[in-house]
Amino acid sequence: MTAALLTVLMMASPPPVAKVPPAVAREMAEVIVAVDKALGLESWESHGAKPCVDRGGEGSQIKDIGAEEARRCAAAAVEKGFPGLGKSYLLAILMASIGPVTVVALGTGEAAGWAAYSCDPGRKCPPLKITPTSKWGKRLVDRQAKACAQATTIWLPPEQRVCEGAASLPATPAAPTSP
């Protein structure tokens, strides 16, 4: 009976892929950079990128960015050129009271179990395995758990989530806190 149960469980969930297909990996890294630039994250503005969001003037980062503005800018950044969005990966934009904090591309389908997240200009943002057994994998476990737990997370496409099986999740999403 145990063997039959294990067989059913193994057939129910496909084994994780050993490596993300190169085209999907490249697109996940590119979409992270595009959204980082649009939202003014990871010092892209100081490298000449003009963000879509309004942070309050030249050299000033005193204006809070609302979820609607962040959603609009992120959606515009991914509007064209990312055919895998919603098929091979989803985007989660983690928000704080002042605005967007980071962007995570979470793999689905053939890229399930892999993710890429915001990184500084000049660095590569390749998809990494979401696993608690490595330093970067632990960071991805944490980012996925936060994205799934926070009601303020912006998801692209908006009707999809990658939360099933995310580690350390409360039973219900946490209510947003006031600043």
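Above this text sits the structure in question.
Since the structure is predicted, the reported quantities are computational estimates derived from the model, not experimental observations.

A.B. asks: Help me understand the overall build of the protein in this model?
C.D. replies: The number of helices and strands found in the protein is four helices and five strands. Sequence-ordered secondary structure for the protein, helices as α and strands as β, is α-α-α-β-β-β-β-α-β. Within the protein, buried positions represent 41% of all 179 residues. Here the protein displays about 10300 Å² of accessible surface, and carbon together with sulfur accounts for 59% of that area.

A.B. asks: Could you clarify how one ought to interpret the packing of aromatic side chains in this entry?
C.D. replies: Two descriptors summarise a pair of aromatic rings, namely the distance from one centre to the other and the angle between the planes of the rings. This model, assessed by the stated rule, comprises zero aromatic pairs. The ring of Tyr 117 carries Arg 143 above its face, with NZ or CZ at 4.3 Å from the centroid.

A.B. asks: I keep staring at the environment of Val 35 and nothing clicks. Help me out?
C.D. replies: Note that Val 35 resides in helix α2 (residues 22–39). Between the alpha carbons of Val 35 and Pro 51 there is a distance of 9.2 Å; along the sequence they are 16 residues apart. In this structure, Val 35 is in contact with Ala 74, Ala 77, Val 78, Leu 91, Ile 93 and Val 103, ignoring residues within four places of it in sequence.

A.B. asks: What is the right way to read helix α3 (residues 67–77) from this model?
C.D. replies: Turn by turn, an α-helix covers 3.6 residues, leaving residues three or four places apart pointing in a common direction. Along α3, the residues classified as buried are Glu 69, Ala 70, Cys 73 and Ala 74. In an axial view of α3, the angular spread of the buried residues amounts to 125°, which keeps them on one side of the axis. On the buried face of α3, the contacting elements are α2, β1 (89–96), β2 (99–107) and β5 (154–156).

A.B. asks: Explain the environment of Ser 118 here, please?
C.D. replies: One can find Ser 118 in the loop between β3 (114–117) and β4 (128–129). Residues in contact with Ser 118, not counting those within four places in the same chain, are Ile 32, Asp 36, Leu 41, Glu 42, Thr 102 and Val 103. There is a polar contact of 3.3 Å between the side chain of Ser 118 and the side chain of Thr 102.

A.B. asks: I'm lost on the pairing of β1 in this one. Help?
C.D. replies: The two faces of the sheet receive side chains in turn, since in a regular strand these alternate between them. Extensive coverage of β1 is indicated by the burial of seven of its eight residues. Sheet topology places β1 next to β2; eight bridges connect them, and they run antiparallel. In the strand pairing of β2, Ile 93 is matched with Val 103. Hairpin connection from β1 to β2: two residues lie between these consecutive antiparallel strands. When β1 meets β5, the two strands line up antiparallel, connected through three bridges. What sits directly across from Leu 91, in β5, is Leu 156.

A.B. asks: Help me understand the pattern of salt bridges, please; the structure alone is not making it clear to me.
C.D. replies: As a working rule, side chains carrying opposite charge can pair if their charged atoms are close by. Scanning the model with the defined rule gives two salt bridges in all. Across the pair Arg 71 and Glu 68 runs a salt bridge, and its minimum N-O distance is 2.7 Å. Taken together, the residues span about one helical turn, with Arg 71 and Glu 68 both in helix α3 at a distance of three residues. Among the residues examined, Arg 71 registers a relative accessible area of 28% and is labelled partly exposed. The partner of Lys 146 in a salt bridge is Asp 142, and the shortest N-O contact between them spans 3.4 Å. Of this pair, Lys 146 and Asp 142 both sit in helix α4 (residues 135–149), four residues apart, which is roughly one turn of that helix.

What counts, and at which threshold
- Residues numbered from 1 in each chain as written.
- Predicted model: local features only at pLDDT ≥ 70, side-chain atom pairs only at ≥ 80, totals over all residues.
- Heavy atoms only, no water.
- Helix = DSSP H or I, 4+ residues; strand = E, 2+ residues; numbered from the N terminus.
- Buried < 20%, exposed > 50% of the residue type's maximum accessible area, 1.4 Å probe, protein only.
- Areas by Shrake-Rupley, 256 points an atom, 1.4 Å probe, with all protein chains shown as cover.
- Phe/Tyr/Trp six-rings, centres within 6.5 Å; stacked < 30°, edge-to-face > 60°.
- Lys NZ or Arg CZ within 6 Å of the ring centre and 35° of its normal.
- Contact = heavy atoms within 4.5 Å.
- Arc of directions from axis to C-beta.
- Polar contact = N/O pair within 3.5 Å; in protein donor to acceptor, adjacent residues only side chain to side chain.
- Pairing = 2+ DSSP bridges.
- Salt bridge = Lys/Arg side-chain N within 4 Å of Asp/Glu carboxyl O.

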